[in-house]
Amino acid sequence: MASLCNFPVVTKSTPQSSSSPSRPLSCSSKHLISSSCNSFHLLPPYSGSITASSRLNESLIWKPLKRSHNRQQAKSSARTPFVRVMAASKPEPLKVMLSGAPASGKGTQCGFITKKYGLVHISAGDLLRAEIAEGTENGKRAKEYMERGQLVPDEIVVTMVKERLFQTDAQENGWLLDGYPRSLSQAQALEDLGIQPDIFIVLEVSEESLVERVVGRRLDPVTGKIYHLKYLPPETEEIAARLTQRFDDTEEKVKLRLQTFHENVEAVLSIYEDKMIKIDGNASKEEIFSEIDAALTRVLEEKSAASVATGFIES
């Protein structure tokens with residue numbers, strides 16, 4: 001959360017002329033700024049700047065320039081010996097949730113987003129599949145549900161997702177939560193933990209297209225790259241020979257998964273209605289990302305504007 005600076009602050013220093021050398025303000029920075037505030041800018045009738053270390057209890061350095069020659073402003077300044085400042089704290093990193101049915105193109109768009117914005121990509125499905133591959137107890141339980149096309153119980157998934165979201169890289173760089181939450185209970189569990197996105201993106205694709213995408217999907221176990229027999233065939237015969245199909249990428253299982261998805265998605269969307277945007281997932285991947293990119297840019301601009309606080313110091 002962006003920290004707020006504590007204003008107004010009155011120092012015991014006396015006014016200096018514009019020709020005086022730069023001096024530290026005689027007030028502890030803990031009275032003026034929080035630990036994340038690191039830059040200040042003087043506003044009219046003064047001009048100049050203030051900088052400070054983000055560590056507490058260090059002096060701010062004031063570099064005053066000439067006062068305005070406007071008489072009315074000069075009189076006003078004499079009556080109220082304060083300088084208005086703006087304190088800019090570092091905006092929080094992006095927190096994004098990307099939702100969509102199986103094979104709606106979430107993985108492709110996650111690749112574009114993480115490449116441009118440097119977010120940590122977190123996929124509940126990947127976390128579960130890693131548990132299954134390692135043969136853990138949670139993995140064995142999860143596989144039983146996934147084979148039936150059902151949602152894995154919250155007590156298994158929520159814990160894994162929470163632990164990943166709270167790791168240092170996700171907290172510092174921001175995160176992209178891929179295909180999660182998938183149910184109302186999962187969304188509420190995240191809310192209870194104080195985990196909320198800045199934006200909730202939904203990719204909408206027709207069911208007919210989804211089935212075709214899933215059934216033709218193949219995985220390269222060596223590189224982890226996803227191919228499609230029709231839309232993205234392997235580059236060589238060697239790669240084609242080693243491709244595998246996920247156990248739940250059959251037509252029968254994908255229809256079960258789609259049914260489960262549609263039964264739960266509306267409840268999830270109701271939680272994030274005020275932060276949600278819907279995008280046509282039938283468009284080209286470049287057109288889809290263009291819309292997502294524009295939306296994320298707007299969010300960043302809003303977060304940057306919200307990170308600026310204003311206040312006063314004594315001149």
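On a predicted model such as this, the values are computed, not experimentally measured, just so you know. (Residues numbered from 1 in each chain as written. Predicted model: local features only at pLDDT ≥ 70, side-chain atom pairs only at ≥ 80, totals over all residues. Heavy atoms only, no water.)

Novice: Residues and numbers for the nonpolar core, please.
Specialist: Membership of the largest hydrophobic core comes to 38 residues, with the highest contact counts inside it found for Leu 128, Trp 175, Leu 177 and Tyr 180. For Tyr 180, the residues in contact, after removing those within four places along its chain, are Met 97, Leu 98, Ala 124, Val 157, Val 158, Val 161, Gln 186 and Leu 190. Counting residues in hydrophobic clusters, the runner-up holds 18 residues, among them Val 96, Leu 176, Ile 288 and Val 299. (Core = buried A, V, L, I, M, F, W, Y, C linked by side-chain atoms within 4.5 Å. Buried < 20%, exposed > 50% of the residue type's maximum accessible area, 1.4 Å probe, protein only. Contact = heavy atoms within 4.5 Å.)

Novice: I'd like a rundown of helix H10 (residues 251-271), residues and numbers included.
Specialist: Compared with the 30 Å implied by 1.5 Å per residue over 21 residues, the 31 Å span of H10 between its first and last C-alpha is a close match. Residue Val 265 marks the point of greatest curvature in H10, where the axis turns by about 35 degrees. Taken as a whole, H10 has its buried residues at Val 254, Arg 257, Leu 258, Thr 260, Phe 261, Asn 264, Val 265, Val 268 and Leu 269. (Helix = DSSP H or I, 4+ residues; strand = E, 2+ residues; numbered from the N terminus. Expected span 1.5 Å × (residues − 1). Bend = angle between axes of the 7 residues up to and from the residue.)

Novice: Account for helix H2 (residues 106-117), with residues named and values stated.
Specialist: Between the first and last C-alpha of H2 there are 16 Å, a value that for 12 residues agrees with the 16 Å anticipated at 1.5 Å per step. When we look at burial in H2, the residues that qualify are Lys 106, Gln 109, Cys 110, Ile 113 and Tyr 117. The buried residues of H2 occupy an angular sector of 105 degrees when projected down its axis, which confines them to one face. Elements in contact with the buried residues of H2: strand E6 (95-100), strand E7 (120-123), strand E8 (175-178), strand E9 (199-204) and helix H11 (285-306). Of the residues one or two after H2, Gly 118 is the one with positive phi, at around 70 degrees. (Arc of directions from axis to C-beta.)

Novice: Lay out the pattern of salt bridges in plain terms, naming residues and giving numbers.
Specialist: Evaluated as defined, the whole model comprises 18 salt bridges. Between Arg 257 and Asp 249 there is a salt bridge, with its nearest N and O atoms 3.3 Å apart. Among the ionic pairs, Lys 255 bridges to Glu 251, the shortest N-O distance being 3.3 Å. Of this pair, Lys 255 and Glu 251 both sit in helix H10, four residues apart, which is roughly one turn of the helix. Connected via shared salt-bridge partners are Arg 217, Arg 246, Asp 248, Asp 249 and Arg 257. (Salt bridge = Lys/Arg side-chain N within 4 Å of Asp/Glu carboxyl O.)

That's the geometry; what it means functionally is another story.
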